[in-house]
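# Structural description and commentary
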There are 4 protein chains.
Amino acid sequence: MNTLLLTGFEPFHTHPVNPSAEATRTLDGTQAGNLRVVSALLPVEPHAACARLTELLGTQRPAAVLLTGLASGRPQVTLERVAVNVMDFRIPDNAGQQHRDAPVQAGGPDAYLSTLPLRAVLAAWHGAGIPGQLSDTAGTFVCNAVMYHALHTLRALGRPDVPCGFLHLPASAGVALAEAKAVPYLPQPELTRAVEVAARTVAASVSGEA
Amino acid sequence: MNTLLLTGFEPFHTHPVNPSAEATRTLDGTQAGNLRVVSALLPVEPHAACARLTELLGTQRPAAVLLTGLASGRPQVTLERVAVNVMDFRIPDNAGQQHRDAPVQAGGPDAYLSTLPLRAVLAAWHGAGIPGQLSDTAGTFVCNAVMYHALHTLRALGRPDVPCGFLHLPASAGVALAEAKAVPYLPQPELTRAVEVAARTVAASVSGEA
Amino acid sequence: MNTLLLTGFEPFHTHPVNPSAEATRTLDGTQAGNLRVVSALLPVEPHAACARLTELLGTQRPAAVLLTGLASGRPQVTLERVAVNVMDFRIPDNAGQQHRDAPVQAGGPDAYLSTLPLRAVLAAWHGAGIPGQLSDTAGTFVCNAVMYHALHTLRALGRPDVPCGFLHLPASAGVALAEAKAVPYLPQPELTRAVEVAARTVAASVSGEA
Amino acid sequence: MNTLLLTGFEPFHTHPVNPSAEATRTLDGTQAGNLRVVSALLPVEPHAACARLTELLGTQRPAAVLLTGLASGRPQVTLERVAVNVMDFRIPDNAGQQHRDAPVQAGGPDAYLSTLPLRAVLAAWHGAGIPGQLSDTAGTFVCNAVMYHALHTLRALGRPDVPCGFLHLPASAGVALAEAKAVPYLPQPELTRAVEVAARTVAASVSGEA
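Conventions we followed
For every chain, the first residue of the written sequence is number 1, and numbering continues from 1 along that sequence. Chain letters start at A and ligand numbers start at 1, both assigned in the order the entries are written. This being a predicted model, a pLDDT of at least 70 is required before a residue's local features are given, and a value of 80 or more before pairs of side-chain atoms are given or counted; all residues contribute to the totals for chains, interfaces and linings. The basis for the side-chain values is all heavy atoms of the structure; hydrogens and waters are excluded. Strands here mean DSSP runs of E at least two residues long; helices mean DSSP runs of H or I at least four residues long; both are numbered from the N terminus. Atoms considered for the radius of gyration are the C-alpha atoms alone. The globule rule reads 2.2 Å times the number of residues to the power 0.38. We call two residues contacting when some pair of their heavy atoms lies within 4.5 Å. Note on areas: Shrake-Rupley with a 1.4 Å probe; residue coverage comes only from the protein chains shown. A residue counts as positive if it is Lys or Arg and as negative if it is Asp or Glu; His and the chain ends are not included. Every charge is mapped to an atom, namely NZ of Lys, CZ of Arg, CG of Asp or CD of Glu. Copy-to-copy alignment: least squares on C-alpha atoms, limited to residues at pLDDT 70 or above in both. For every residue, the accessible area (1.4 Å probe, protein chains only) is compared with the maximum for its type, and the residue is labelled buried under 20%, exposed over 50%, or partly exposed between those bounds. As a per-residue measure, pLDDT reflects the predictor's confidence and takes values from 0 up to 100. Accessible-area loss on putting two parts together, using a 1.4 Å probe and summing over both, is the definition of buried area adopted here. By convention in these notes, a salt bridge is any Lys or Arg side-chain nitrogen within 4 Å of a carboxyl oxygen on Asp or Glu. We define a polar contact as two N or O atoms separated by no more than 3.5 Å, with the added condition that, inside protein, one atom must be a possible hydrogen donor and the other a possible acceptor, whereas residues neighbouring each other in sequence contribute only through side-chain atom pairs. The nonpolar class holds Ala, Val, Leu, Ile, Met, Phe, Trp, Tyr, Cys and Pro. Asp, Glu, Lys and Arg form the charged class, and all remaining residues, Gly among them, are polar. Pairing between two strands is assigned when DSSP locates at least 2 bridges connecting them. The distinction between a cavity and a pocket rests on a 1 Å grid over the protein atoms alone: a 1.4 Å probe fits inside a cavity but cannot get out, while a pocket stays open yet meets protein on both sides within 12 Å along at least five of seven lines, and a residue with an atom within 4 Å of a point counts as lining. Grid points are joined across faces, edges and corners, and a volume is the space filled by probe spheres set on the points. UniProt positions are given in the numbering used here, feature names are shortened, and annotations may be inferred rather than shown by experiment.

Below, the discussion takes up the overall build of chain A. Counting secondary structure elements, chain A contains six helices and 11 strands. Rg of the C-alpha trace for chain A: 16 Å, near the compact-globule value of 17 Å for 210 residues, within the 12% margin. On the principal axes, the C-alpha backbone points of chain A span a range of 50 × 40 × 25 Å. Of the contacts formed within chain A by residues at least 6 apart in sequence, a portion of 79% connects residues at least 24 apart. For chain A, the computed accessible surface area is about 7,600 Å², with 52% contributed by carbon and sulfur atoms. The averaged location of the 16 negative side-chain charges in chain A is 4 Å from the averaged location of its 14 positive side-chain charges.

Written as structure tokens, this is what we have:
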């Protein structure tokens, strides 16, 4: 059976947990339409994360790629429109590095637009009672780097039609309880449900093309 | 058995639902510690709401009063510290009135501090995995008016020791889906749970005093 | 000639300057309508600040009192509606203290409403091209304590009719440049101008009553 | 003498004025380093704006291009990092159109990174006492379209080395006074000064290369 590659990230910065890790672990091995979900946990360091992603794209040859991560402070789940060829870290990654104005891929194009069915996911969320939005920026931290790298690698592998993009989650309760300021949050099951609905919609778009 | 009076509000403004109405309806008749929860729905018009509240305080003679309402845009559940003797409406109430710089109670004191066990409720929330905060302002709309009126009336009835205060809920999914902008929200069951934990904690504080 | 007492605060927390100090220093000795501006700088510690204020109210016997301070993060100049009898410090004051759930004045009323001509100041600001707002909370830090104390002391002195209240300034450029996050700011001359317009309007309201 | 092309926009949406128009008008004909500033006012409709820009780039053959516009709600002046090949309008443009998920340039690359000396402008702002930031998104309205089109056209003209990018201004007082909500603002002279400092820094980077 074809697979949908679903990634989350390890905890980072001051966050005690990462809701993207919990959501992807929960959904690992489940069925999303005609695709089997294969989950992977990425490190919060761009070189290791991109290397792991290259390996997964090569070995799994997924029919769809849904990358997820945490954006504490956002009020709702969001789908990213675009990944840019820039790393500019306001906080250190888990290796203690703070890249500044560096490319994700030297010589690569300036950006890649998401190839996920963005409007279909939004509609599916709303149909499931989940408010959600498009986001015009994935930031310039590891989340953006990983989205850029996945789209770049699929192009290099001659598979530009594989739907691929990034879903940013708000804080979970565990993240919010550890923040000094009052941030919006959603219970983990609601976050996992949003990822699941997105994965199913992405999977349906692949089947629809077959 | 002694009662805990729990109030919510009708829908208002552009909001299709009011999560405070749904939470209080769900909890009506349940047990909160040694108290029985009696729920009431208040109209979003200050004079009718205050009249209804006066009646409820007189007939129910509650041992505790927990008033709840919606504050769309807030990221977490909040307990109000204080109600002020001011009505200044940025939006019309459900009677179409927009009171401006008017007192809730002509000749009344400038404000009343909440008599709820604020820190105990915060601690109970955190213990239950619910991030929550104190708020320094209940605004100057009907929520504030009702909180002021309840505290004023308990004083007038010679019952200033009855714990009484206001809990503001963020948007539910239903409210957020109807907003033009992306607002923070919580699923209704999580909002209801936050009200339930608060009610139980308030009830425990009454028993503790007995 | 009668005086208008105008106070600002020393720098505090991580802020290298305090725009309220600069504004009040600039306006010291100027004329606001029929009143002479007497400026004073208050320490950011509630007991010393209140003691200094008591002394100034006694010796100056001002015809009007305009207290000012910094609220970094606010987008516009704001006039406070109310001061509450609560000190609950999220950051330490300049003496290193972090008061929690303590009254400003043990046994005092729960709050005092501002006695400034709030709508007249708003109108004067708008007429002068200065967007400004009413604020429903002065917080629970030293600014609020000083506003509460001034209103309480004027009452105790038998002078409740002296207009008295608090004006919160946004960050100045100097404050904003030192913040880790992008905060709204106004150039110091614009902040000083907002204080001057407010002082003139307050002074006019006193003359109007004479 | 070589020119720096400086553009602003007409008023749009509910905004009574556009501070980018006022800043560019004020600076028209002035000297920025070794370059003469030539200002142009663009319509808030993507096709007409892009056509006008194509014409200006052809006739003026500018040595540098600084595009400016209004982003009401932002707290500080910002330089955009990137323009994306997407038009998705949340509000209608001045022709009443609301483009949705449309490319700026059919078949064009997904995005272009700014070619302005971003860090040098930030440093010059800070040196001039102006807090300012990089922005990771220029949105998906006419501002972004114009930035994309300018960078695309310079490439097509064989002039990819001409520094070109976008500067977003916060509200001016005139804009803020017309908003229903309290938005951050800066006095127009401060906004104009920020554009002037940016223009001078961009011009210096061109001379530096000569």
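After that view, the rundown keeps rolling.
Another point: the relation of the copies chain A and chain B. Between the two copies of the chain lies a rotation about an axis combined with a shift along it. Once turned by 180 degrees and shifted 0.0 Å along the axis, chain A lies on chain B with an RMSD of 0.0 Å. Taken together, the rotation and translation describe the operation of a two-fold axis.

Turning our attention to helix α1 (residues 19-27) of chain C. Looking at α1 of chain C, one finds that the buried residues are Pro-19, Ser-20, Ala-21, Ala-23, Thr-24 and Leu-27 of chain C. Phi turns positive, to about 85 degrees, at Gly-29 of chain C, one or two residues after α1 of chain C.

Moving on, we come to the confidence of the model for chain A. For chain A, the average pLDDT comes to 97, and 99% of its residues sit at 70 or higher. Overall fold confidence (pTM) sits at 0.96, and the ipTM for the predicted complex is 0.95.

Structural alignment of chain D on chain C gives an RMSD of 0.0 Å, achieved by rotating through 180 degrees and translating 0.0 Å along the axis. Most of the interface of chain D is mirrored in chain C, where 100% of its interface residues are also at the interface.

Right, let's get into the interface of chain A and chain B. Taken together, the contact between chain A and chain B spans 17 residues of the former and 17 residues of the latter. The junction of chain A with chain B conceals about 1,500 Å² of combined surface from both sides, 70% of it contributed by carbon and sulfur atoms. Where chain A meets chain B, there are zero salt bridges. The interface formed by chain A and chain B contains four residue pairs in polar contact (both at pLDDT 80 or more). By residue class, the composition of the side of chain A that touches chain B is 12 nonpolar, four polar and one charged.

Residue and element names in this part refer to chain A. An order of β2-β3-β1-β4-β9-β5-β8 is seen for the seven strands of this open sheet, with the pairing classed as mixed. The strands lining the two open edges of the sheet, one partner per strand, are β2 (31-32) and β8 (132-135). Where strand β5 (residues 77-80) and strand β9 (residues 164-169) come together, two bridges link them in antiparallel fashion. Among the inter-strand pairings, Leu-79 is bridged to a residue of β9, identified as Leu-167.

This part is about the arrangement of the chains. At the C-alpha level, the nearest point of chain A lies 10 Å from chain C, with no contact between them. One finds no contact linking chain B with chain D; the least C-alpha distance across the pair is 10 Å.

Tallied over the full model, the rule gives seven cavities of 30 Å³ or more. Around the largest cavity sit 14 residues that line it, and Val-82, Val-84 and Asp-136 of chain A together with Val-82 and Asp-136 of chain D are the ones nearest its centre. Counting only elements with at least two residues in the lining of the largest cavity, the list comes to β6 (82-84) of chain A together with β6 (82-84) of chain D. In the lining of the largest cavity, the residues fall into six nonpolar, six polar and two charged.

What follows deals with the UniProt feature "active site" (unreviewed entry) in chain A. Residues and elements named next belong to chain A. Those places that UniProt annotates as "active site" (unreviewed entry) correspond, in this numbering, to Glu-80, Cys-143 and His-168. These annotated residues cover 89 residues of sequence, and their C-alpha atoms all fall within 10.2 Å of one another, placing them together at a single site. Inspection of the secondary structure puts Glu-80 in strand β5. Apart from residues lying up to four places away in sequence, Glu-80 is in contact with Arg-74, Ser-114, Leu-118, Ser-135, Thr-137, Ala-138, Met-147, Phe-166 and His-168. At a separation of 2.8 Å, a polar atom in the side chain of Glu-80 contacts the side chain of Ser-135. Relative to the elements of secondary structure, His-168 occurs in strand β9. Here His-168 is in contact with Gly-69, Leu-70, Ala-71, Arg-74, Gln-76, Val-77, Thr-78, Glu-80, Ala-138 and Cys-143, once residues within four sequence places are set aside.

Right, let's talk about the interface of chain D and chain C for a bit. Each partner contributes residues to the interface: chain D has 17 residues there, and chain C has 17 residues. Sorting the residues of chain D by area buried against chain C places Pro-131, Leu-177 and Tyr-185 of chain D first, and these three jointly supply 37% of that buried surface. Across the contact surface, chain D and chain C share zero salt bridges. Across the contact surface, chain D and chain C share four residue pairs in polar contact (both at pLDDT 80 or more). If you list the elements that add at least two residues to the side of chain D that touches chain C, you get α5 (173-177) and β11 (185-186) of chain D. Sort the elements by how many residues they give to the side of chain D that touches chain C and α5 of chain D lands first, with three residues. Here the side of chain D that touches chain C is built from residues that sort into 12 nonpolar, four polar and one charged.

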